[in-house]
Amino acid sequence: MRKTLLATATALALSASMTAMAASHSEAIKVGVILGFTGPIESLTPTMADSAELAFKEASESGALLDGKKIEAVRADTTCVDAAVASSAAERLVTSEKVVAMVGAACSGSSTAIATKVAAANGVAMISPSSTSPALTTVEDNGMFFRTAPSDARQGEVLAGIVIDRDIKEVAITYTNNDYGKGLAESFSTAYKAKGGKVAISAAHEDGKADYSAEVGALSASGAEELVVLGYLDQGGRGVIQASLDADAFSRFILADGMIGDSLIKNVDGSLNGTFGTLPGSESAGAKMFLDHAKANGIDGDGPYRAESYDAAALLVLAMQAGKSADRASIAKNIMSVANAPGEKILPGQIAKALKILAEGGEVDYDGASNVEFSEVGEAAGSYKEVEVAPKFNTMKVH
Amino acid sequence: MPETIEMLNALTLFSNFVLIPGLAYGSQLALGALGVTLVFGILRFANFAHGDLMAFGTMVTILMTWWLQSLGVSISPLPTALIALPIGIIVTALFAVATDKAVFSFYRLKKSPPVILTIASIGVMFMMNAIVRFIIGPNDQRFYDGEKFLMKAREFKQLTGLDEGLSIRYTQVLTVVVALVVVIALFWFLQRSRTGKAMRAFSDNEDLALLSGINPDRVVLITWIIAAALATIAGVLYGMDKSFKPFTYFQLLLPIFAAAIVGGIGHPVGAVVGGYVVAFSEVMVTYAYKKVFVYVLPEDWQPEGLSQLLSTDYKFAVSFIILVVVLLIKPTGLFKGKVIK
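Cut-off values and rules
- Residues numbered from 1 in each chain as written.
- Chains lettered and ligands numbered in written order.
- Predicted model: local features only at pLDDT ≥ 70, side-chain atom pairs only at ≥ 80, totals over all residues.
- Helix = DSSP H or I, 4+ residues; strand = E, 2+ residues; numbered from the N terminus.
- Rg over C-alpha atoms; globule rule 2.2 N^0.38 Å.
- Buried ≥ 20, exposed ≤ 12 C-beta atoms within 10 Å, placed from the backbone.
- Contact = placed C-beta atoms within 7 Å.
- Pairing = 2+ DSSP bridges.
- Axes fitted to C-alpha atoms, helices over the stretch in contact; angles between N-to-C directions.
- Core = buried A, V, L, I, M, F, W, Y, C linked by C-beta atoms within 7 Å.
- pLDDT = per-residue confidence, 0-100.
- Parallel < 35°, antiparallel > 145°, perpendicular 65-115°, else oblique.
- Left-handed = near helix turned anticlockwise from the far one by under 90°.
- Nonpolar A, V, L, I, M, F, W, Y, C, P; charged D, E, K, R; others polar.

A few points about the overall build of chain A
For chain A, the count of helices and strands is 13 helices and 14 strands. A compact globule built from 399 residues should have a C-alpha radius of gyration of about 21 Å, and chain A, at 24 Å, falls within 12% of that. Projected onto the principal axes, the alpha-carbon positions of chain A cover approximately 80 × 60 × 40 Å. Out of the 399 residues belonging to chain A, those deemed buried represent 54%. Across chain A, contacts joining residues at least 24 apart in sequence account for 69% of those joining residues at least 6 apart.

Observations concerning the overall build of chain B
When you go through chain B residue by residue, the secondary structure sums to 14 helices and two strands. On C-alpha atoms alone, chain B measures out to a radius of gyration of 22 Å, which is about the 20 Å that the 2.2 N^0.38 rule sets for 341 residues. Each principal axis of the C-alpha atoms in chain B carries an extent, and together these give about 70 × 55 × 35 Å. The contacts in chain B between residues at least 6 apart in sequence include a share of 76% that link residues at least 24 apart.

Some words on the interface of chain B and chain A
Counting from both sides, the interface comprises 26 residues of chain B and, opposite them, 20 residues of chain A. Those elements giving two or more residues to the side of chain B that touches chain A turn out to be α1 (4-43), α5 (153-160), α10 (246-251), α12 (268-286) and α13 (290-296) of chain B. Of all the elements, α1(B) adds the most residues to the side of chain B that touches chain A, at three residues.

Some words on the sheet that holds strand β8 (residues 226-230) of chain A
All names here are of chain A. Spatial ordering of the open sheet is given by β7-β6-β8-β9-β10-β13-β14, a layout of seven strands whose pairing is mixed. The open sheet terminates on both sides in strands that have one partner only, identified here as β7 (198-205) and β14 (393-398). Averaged over neighbouring strand pairs, the angle between their axes works out to 25° when direction is ignored. Relative to β14, strand β13 (residues 384-389) runs antiparallel, the two being bridged by five bridges. Note on β14: the bridge partner recorded for V389 is F393. Contacts between helix α5 (residues 152-165) and the sheet are confined to β6 (170-176), β9 (253-255), β10 (276-280) and β13, with β10 contributing the most and set at about 150° to the helix.

Points about the sheet that holds strand β2 (residues 71-77) of chain A
All names here are of chain A. Strand order in this open sheet of five strands is β2-β1-β3-β4-β5, and the pairing throughout is parallel. What marks the edges here is a single partner per strand, and that holds for β2 and β5 (145-147). Going across the sheet, the axis of each strand differs from the next one's by a mean of 25°, ignoring polarity. As judged from the three bridges shared by strand β3 (residues 101-104) and strand β4 (residues 125-128), these two strands associate in the parallel manner. By the bridge assignment, M102 is partnered in β4 with M126.

Quick word on the nonpolar core
Counting 146 residues, the largest nonpolar core has F188(A), A30(B) and A259(B) as its most contacted members. It is α1(B) that provides the largest number of residues to this core, a total of 19 residues. With near-sequence residues (within four places) excluded, A30(B) lies in contact with A179(B), A259(B), A271(B), V272(B), G275(B) and Y276(B). Core analysis: the next-biggest nonpolar cluster, separate from the first, contains 82 residues, V33(A), F37(A), A49(A) and L136(A) among them.

Overview of the pairing of β13(A)
Residue and element names in this part refer to chain A. For β13, a buried count of five out of six residues is recorded, marking the element as mostly surrounded by other parts of the structure. As defined by bridge partners, β10 adjoins β13 across five bridges and the pair is classed as antiparallel. Within β13, the residue paired with T278 across the bridge is E386. Hairpin remark: β13 followed by β14, antiparallel, with three residues in the connecting loop.

Side note on the confidence of the model for chain B
For chain B, per-residue confidence averages 89 on the pLDDT scale, and 98% of positions sit at 70 or higher. In the predicted assembly, ipTM is 0.75 and pTM is 0.72.

Things to note about the packing of α1(B) against helix α11 (residues 253-263) of chain B
Residues and elements named next belong to chain B. The geometry of α1 relative to α11 is characterised by a closest axis approach of 8 Å and an angle of 70° between their N-to-C directions. With respect to their mutual orientation, α1 and α11 come out roughly perpendicular. Considering the relative orientation of α1 and α11, their crossing is right-handed. For the pair formed by α1 and α11, the contact residues are L29, A30, G32, A33, V36 and T37 on the first element and P255, I256, F257, A259, A260 and G263 on the second. The class makeup of the residues in the contact of α1 with α11 is nine nonpolar, three polar and no charged.

In structure tokens, the structure reads:
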């Protein structure tokens with residue numbers, strides 16, 4: 001008897017809450033959060049999604065969004081590796097869930113598939129927080145694809161600029177033999193040559209080998225005195241550096257983001273002093289504010305692409321408010337205007353304030369956690385820290 | 001005629017990037033190839049599990065080294081791994097003998113053709129592969145804790161005033177010395193000792209050896225113990241000089257077989273020579289000679305490009321090509337070994 005009672009009570013409570021939810025649903029604006037929740041970056045995506053949903057929560061609780069509308073996030077999984085699954089997940093969000101915009105996707109392959117097959121076809125805007133492939137800059141998206149993560153092409157340029165600024169006129173390049181390494185090596189050498197530098201040799205290295213002395217022999221035979229290593233710090237990149245130091249072929253190195261970490265200094269036998277490189281990120285006020293803001297809401301904001309995820313979601317909310325409508329076309333149209341100047345600067349945790357300014361007919365320039373500034377095609381210019389070893393990685397400048 | 005100093009620079013450069021690394025790598029391959037050749041000569045099958053037996057022996061030695069390090073044992077400037085090595089050899093020998101009892105003896109007693117034993121050894125290879133990964137994991141392990149350099153490139157430059165440096169690592173010296181000692185000891189054992197003679201007799205003609213009263217079980221046992229010892233020593237030397245990772249040991253199988261076959265499989269001298277032939281081919285074909293030519297040749301003969309025959313990515317292709325060419329042209333190898341049927 002008691003069991004039956006309990007069951008009835010639970011059922012009643014459930015149905016009550018369901019009607020309550022249904023009621024709020026009719027009011028809520030649905031936004032998709034489509035990331036690789038399973039697959040190779042499954043450890044990163046949950047916190048990325050939490051960060052994005054934090055921005056939605058702020059907007060919903062402010063009561064200022066389109067006269068008190070709420071936002072409901074709908075998650076979907078791209079699997080990161082299967083483009084077909086990614087597009088069908090996005091298709092479901094757009095056609096059956098009827099989302100007005102999407103945060104995502106995370107991996108470049110998924111983003112490409114969704115941008116061309118779903119976002120462009122249905123006129124739904126998407127902002128990726130973490131797709132960095134240079135190919136996405138020219139993807140056929142009908143202006144629907146945006147990203148708060150900078151393209152790797154940009155990192156190549158920034159790094160080339162730093163190398164030239166340091167008056168290094170000739171380098172040898174070695175890169176890890178995959179899309180990341182190849183893309184970065186290409187963008188670096190193009191930018192470096194354009195600035196008057198000379199690339200003596202550009203050679204790939206395979207990860208996971210026991211010995212890199214042959215690779216180093218070829219690199220040093222090129223006659224260049226400086227070596228650019230575009231690889232991974234726990235893989236072949238470290239092997240190349242170790243073999244170079246052992247043979248005294250190179251004494252300092254120029255590194256990109258995949259190579260920078262304290263474990264490199266710890267695991268390499270010999271001095272890396274003078275080694276320098278670039279790492280995405282900034283030390284802006286916004287980055288610090290985001291960490292505090294996320295922490296106050298129970299999220300660890302210090303991790304890859306979390307700030308970018310928050311910013312992607314915030315931009316969508318502000319775009320709704322700027323167009324005074326949760327209409328798909330209106331959101332897509334207004335993203336650029338809220339991301340860039342003119343307008344009042346908006347930092348993390350100030351979404352309510354921004355919504356109010358927009359409601360009163362003002363303008364905002366959302367800077368957020370990652371110092372958002374969109375290029376003409378709607379991607380973050382990205383800021384990079386210039387770091388140098390002495391004897392740990394120290395930030396010299398932000399580019 | 002280029003000046004003497006230019007010649008010296010070229011020679012130093014060549015030694016630093018070709019001669020010394022080739023010598024060390026060749027010694028490691030020679031020890032590995034000796035193990036393969038011994039098993040082939042006496043037990044009559046190509047043991048594909050040899051690379052992973054090396055990985056197993058190295059793993060045991062690494063675990064022992066860590067244990068000794070935690071106790072604070074050290075023989076600096078020599079690496080702690082040298083004390084751990086005998087224990088590694090004993091454990092690996094037990095493991096190899098146990099594998100033989102569990103797998104190979106079954107086929108041997110049935111007088112299965114060699115190809116069956118070879119295929120069984122592939123199965124054993126996968127098992128050992130998994131055991132090693134299960135115990136120590138698939139990642140890089142570094143366990144060398146001795147003094148690193150006998151001669152640093154920069155010190156060499158200051159000492160001699162040359163433009164090119166020569167770096168000699170202790171691990172390279174250690175590799176060559178240990179390999180030399182082991183090879184001499186093995187040859188003495190095979191040529192002079194009673195058991196060695198019995199093993200050679202068994203290898204030459206099994207039936208005749210049995211008739212003259214040689215105990216086959218003992219020969220098999222000794223062969224496995226020696227093969228395990230050679231595998232462990234080769235693996236530990238390779239791991240100290242480069243780094244230990246189960247997958248790279250599996251990949252070593254190709255150059256090791258190439259070495260054994262070039263020299264003539266079943267022929268110990270051949271294995272040693274083959275090891276150096278393969279190592280120097282790999283290093284010399286993939287080295288970029290531009291700087292050497294710049295030193296040696298007159299200015300207008302100097303090359304524009306890197307003067308590199310093959311990119312370093314093709315290192316393994318070199319072993320493969322050697323293997324194919326030798327099997328096509330001279331299947332018995334340089335020293336008239338057996339022909340794999």
